[in-house]
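# Structure assessment
Spelled out, the chains give:
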Amino acid sequence: MANFRYQVLDGAGKSSSGVLDAASIADASRKLKSEGKYIVSLELDKGQGLANMEVGSKRLNTKELVLISRQLASLLSAGITVVRSLDMLYQQCETKRSKRCIGEIYEAIQSGRSLSDAFKDQKEVLPSIMCSMVSAGEESGRLDEIMERLAIHFQKESKLKNKISSAMVYPKILFFLTIAIVVGLMTFLVPGIAQTITELGGELPGLTKFIMAVSNSMVHYWYIYLIVIGGGYFAFTTWKRSEKGHAQWDTMMLRIPVVGKATKMTAAARFTRTVSTLLKSGISVLTAVEITGSSLDNVILEKKLADARLQIRKGTSLSKAIKPITEFPPMIYAMTAIGEESGTLDTILDKAADFFEDEADAATAKMTAALEPIMLIVMAIIIGLVVGGIAMPIFTMAKFVG
């Protein structure tokens, strides 16, 4: 059993609100309606306290989208009504975000709104491709097929993201390991050795003095380092989120050697996959390009696709409209043109997406292969300077003692 917070109207139009104990949101809705109440709002009561606060992004992640799409497709194909399917899905949702999203969609439908409008109300939580395809599925009467197609789309998108994330694990480990070793040396090892060197006397090399000074500042003024690092991170994220900074960052990610190719191949895979999925669902090319632009997570490509959309609106074909986008591989233009000529654009782009996903995987592997030796060299240089700076005076004094 769970608590649901409600706001209702009675027969006289008088408003009232409160908390109701029920097994599910559907059960709570039935109880209120049996009392002759008109439901204005009905949602899970999260209560108060830090434990119930939502942390992080409101948007559902790809795994949650796969589960929602797959389960809805299965329920609808089994002949279960949309309302009952949403109620069953609500009870199976594992995260607070997905549970709240499905609960609000269910509530909207109970209030008389269409399924497509209920999904569009969740545009801050759900991707635009999902809202558009649900609308197309509702109009065509093939909602179960559309949800299954969405599930496949999100599953492939999740697979691509997981490959990129997995490839970046080792470089991240090396980066944090380098920081941990340097901090450990400077705060634990160097202070003790520095005291011994100072007691022995003698002229210290410049490198040794510098390392000892940095070590002393890290031990006694560590909070300043935290403030500087925190301030730098905040400044970077603020700049990256700004319109100008976001554009500069995305431009840099497209132009950096090795990294740029991985970024372009990933964008090409997402473009072809998304357009193909939308076209198969009966959505127009114009709308498909608009939706796809926001899914590439790159404002430069999004702007260029907006320009291409203007050309399509004027009557230009998709292949000619995207030809000026030099960040896309030439193969996209060629395969799009073939698909338009043969009338099988959705199928051609789907096959192209498989190819570009493999290319993105290979480009990401090359990127990480290039990053690994760079990280190792940086680690060796930093640790070598610290150890060498401390060892130099010790060896010099030992030579004089001998």
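Structure shown above.
All figures in this text were calculated on a predicted structure; none of them were measured in a lab.

### Regarding the overall build of the protein chain
- Looking only at helices and strands, the protein chain features 17 helices and three strands.
- Against the globule reference of 21 Å for 402 residues, the protein chain gives a C-alpha radius of gyration of 29 Å, more extended than a compact globule.
- Taken along the three principal axes of its C-alpha coordinates, the protein chain extends 100 × 60 × 35 Å.
- For the protein chain, the proportion of contacts with a sequence separation of at least 24, taken over those separated by at least 6, is 62%.
- Within the structure as shown, the protein chain displays about 22100 Å² of accessible surface, and the carbon and sulfur contribution to it stands at 61%.
- Charged side chains of the protein chain number 46 positive and 40 negative; the gap between the two group centres comes to 3 Å.

### Considering the pattern of salt bridges
- Scanning the entire structure with this criterion turns up 15 salt bridges.
- Among the salt bridges present, the one from Asp 361 reaches Lys 163, with a minimum N-O distance of 3.7 Å. In this pair, Asp 361 sits in helix α17 (residues 345–401) while Lys 163 sits in helix α7 (residues 143–167), placing the two residues 198 residues apart along the sequence.
- Overall, Asp 361 belongs to the partly exposed group, its relative accessible area being 30%.
- Look at Lys 163 and you get partly exposed, because its relative accessible area is 29%.
- In this structure, Arg 273 and Asp 354 form a salt bridge, with 2.6 Å as the shortest nitrogen-oxygen distance.

Rules used throughout
- Residues numbered from 1 in each chain as written.
- Predicted model: local features only at pLDDT ≥ 70, side-chain atom pairs only at ≥ 80, totals over all residues.
- Heavy atoms only, no water.
- Helix = DSSP H or I, 4+ residues; strand = E, 2+ residues; numbered from the N terminus.
- Rg over C-alpha atoms; globule rule 2.2 N^0.38 Å.
- Contact = heavy atoms within 4.5 Å.
- Areas by Shrake-Rupley, 256 points an atom, 1.4 Å probe, with all protein chains shown as cover.
- Lys, Arg positive; Asp, Glu negative; His and termini not counted.
- Charge placed at Lys NZ, Arg CZ, Asp CG, Glu CD.
- Salt bridge = Lys/Arg side-chain N within 4 Å of Asp/Glu carboxyl O.
- Buried < 20%, exposed > 50% of the residue type's maximum accessible area, 1.4 Å probe, protein only.

Purely spatial values, then, with no claim about function.
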